Amino acid sequence: GESVGLHLPTLSVQEGDNSIINCAYSNSASDYFIWYKQESGKGPQFIIDIRSNMDKRQGQRVTVLLNKTVKHLSLQIAATQPGDSAVYFCAENMWGSQGNLIFGKGTKLSVKP
Amino acid sequence: DAEITQSPRHKITETGRQVTLACHQTWNHNNMFWYRQDLGHGLRLIHYSYGVQDTNKGEVSDGYSVSRSNTEDLPLTLESAASSQTSVYFCASSESLPPREAFFGQGTRLTVV
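Residues numbered from 1 in each chain as written. Chains lettered and ligands numbered in written order. Predicted model: local features only at pLDDT ≥ 70, side-chain atom pairs only at ≥ 80, totals over all residues. Heavy atoms only, no water.

Trainee: Help me get a handle on the overall build of chain A, residues and values and all.
Mentor: A count of helical and extended segments in chain A gives zero helices and 10 strands. The helix and strand sequence of chain A, counted from the amino end, reads β-β-β-β-β-β-β-β-β-β. Across the 113 residues of chain A, 46% fall into the buried class. For chain A, restricting intrachain contacts to residue pairs at least 6 apart in sequence, the fraction spanning at least 24 positions comes to 55%. Of the roughly 5,600 Å² of accessible surface on chain A, a fraction of 48% belongs to carbon and sulfur atoms. (Helix = DSSP H or I, 4+ residues; strand = E, 2+ residues; numbered from the N terminus. Buried < 20%, exposed > 50% of the residue type's maximum accessible area, 1.4 Å probe, protein only. Contact = heavy atoms within 4.5 Å. Areas by Shrake-Rupley, 256 points an atom, 1.4 Å probe, with all protein chains shown as cover.)

And the structure:
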């Protein structure tokens with residue numbers, strides 16, 4: 001399958017612990033942000049999104065925090081499970097650019113049983 | 001179930017040859033996208049389409065072309081393959097813009113020798 005895990009920042013956590021994956025975005029005009037999960041050999045999969053008029057959004061076991069002051073985005077995963085092991089990407093969309101998502105380089109999450 | 005499929009999954013071609021990568025989706029989405037994924041760069045947008053007969057250039061469109069003759073397909077053509085185009089290619093489709101919850105294909109690993 002397709003793999004992109006080499007040479008990426010890696011976060012290693014114990015099963016059951018909470019994980020925090022960070023992302024710095026580049027453009028203060030970005031108004032929409034998405035987190036994707038990519039498992040080995042698969043395409044990216046949508047996790048959660050947030051608009052720039054919000055600073056927090058919660059999903060099932062995941063929370064995204066947005067700090068526009070420092071252009072920082074984080075993904076928090078509660079009670080991390082082995083199935084959460086993957087590469088996580090943040091992506092930003094600039095207002096008016098429609099489909100042009102700009103992806104970060106990714107963080108590899110490894111969950112130790 | 002609706003899906004998005006890419007073919008071939010793996011391709012080796014020679015420098016200078018024309019190559020076409022297929023993308024077919026049964027979601028009936030108007031919006032389709034092609035990305036390439038390289039180590040250290042995340043995913044970068046090549047071309048995208050908002051509907052039949054509509055195509056747009058993305059961040060890294062040089063050397064690539066697409067055509068949209070129906071809703072289901074967005075083939076990506078490398079006019080004259082170069083070694084710099086060795087990469088993993090992902091096709092995606094989405095109902096909305098920005099591409100919230102975009103569905104990605106499994107990817108095509110292309111090697112240009």
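Trainee: Now, about the interface of chain B and chain A: what can you tell me, with residues and values included?
Mentor: Facing 25 residues of chain B, the contacting portion of chain A comprises 28 residues. Across the chain B/chain A interface, buried area totals approximately 2,200 Å², and carbon plus sulfur atoms make up 57% of it. In terms of surface lost to chain A, no three residues of chain B exceed Leu 39, Pro 98 and Arg 100 of chain B, which account for 23% of the buried area on that side. Where chain B packs against chain A, one counts zero salt bridges. At the surface where chain B touches chain A, the tally comes to one residue pair in polar contact (both at pLDDT 80 or more). Secondary-structure elements contributing two or more residues to the side of chain B that touches chain A are β4 (31-38), β5 (42-51) and β9 (87-94) of chain B. At four residues, β5 of chain B tops the list of elements feeding residues into the side of chain B that touches chain A. Taken together, the residues of the side of chain B that touches chain A sort by class into 13 nonpolar, eight polar and four charged. (Buried area = accessible area lost by both parts, 1.4 Å probe. Salt bridge = Lys/Arg side-chain N within 4 Å of Asp/Glu carboxyl O. Polar contact = N/O pair within 3.5 Å; in protein donor to acceptor, adjacent residues only side chain to side chain. Nonpolar A, V, L, I, M, F, W, Y, C, P; charged D, E, K, R; others polar.)

Trainee: Provide a residue-level description of the state of the cysteines, including the pertinent values.
Mentor: Per the counting criterion, the structure on display carries two disulfides over all chains. Between the sulfur of Cys 23 of chain A and that of Cys 90 of chain A lies a disulfide, 1.6 Å long from S to S. Taken together, the positions of Cys 23 of chain A in strand β2 (residues 19-24) and Cys 90 of chain A in strand β8 (residues 86-94) put the pair 67 residues apart, joining distant regions of the chain. Cys 90 of chain A carries the same exposure label as Cys 23 of chain A, and that label is buried. One disulfide in the model links Cys 23 of chain B with Cys 91 of chain B; its S-S distance is 1.8 Å. Taking the sign of the S-S torsion, -70 degrees for the link of Cys 23 of chain B and Cys 91 of chain B, the bridge is left-handed. Remark: Cys 91 of chain B occurs in strand β9 and Cys 23 of chain B occurs in strand β3 (residues 19-25); sequence separation between them is 68 residues. In this structure, Cys 23 of chain B and Cys 91 of chain B share a single accessibility class: buried. (Disulfide = S-S within 2.5 Å.)

Trainee: So what's going on with the nonpolar core? Residues and values would help.
Mentor: Formed by 20 residues in total, the largest nonpolar core has its most connected members in Tyr 36, Leu 101 and Phe 103 of chain A together with Tyr 35, Leu 43 and Phe 104 of chain B. With 19 residues, the next largest nonpolar core counts Phe 33, Ile 48, Val 62 and Leu 109 of chain A among its residues. (Core = buried A, V, L, I, M, F, W, Y, C linked by side-chain atoms within 4.5 Å.)

Trainee: Give me the lowdown on the side chain of Gln 85 of chain B, citing residues and values where you can.
Mentor: All names here are of chain B. With respect to the secondary-structure elements, Gln 85 resides in the loop between β8 (76-78) and β9. Of the residues examined, Gln 85 reaches a relative accessible area of 6% and is grouped as buried. Polar side-chain contacts of Gln 85 include one of 3.4 Å to the backbone oxygen of Gly 63.

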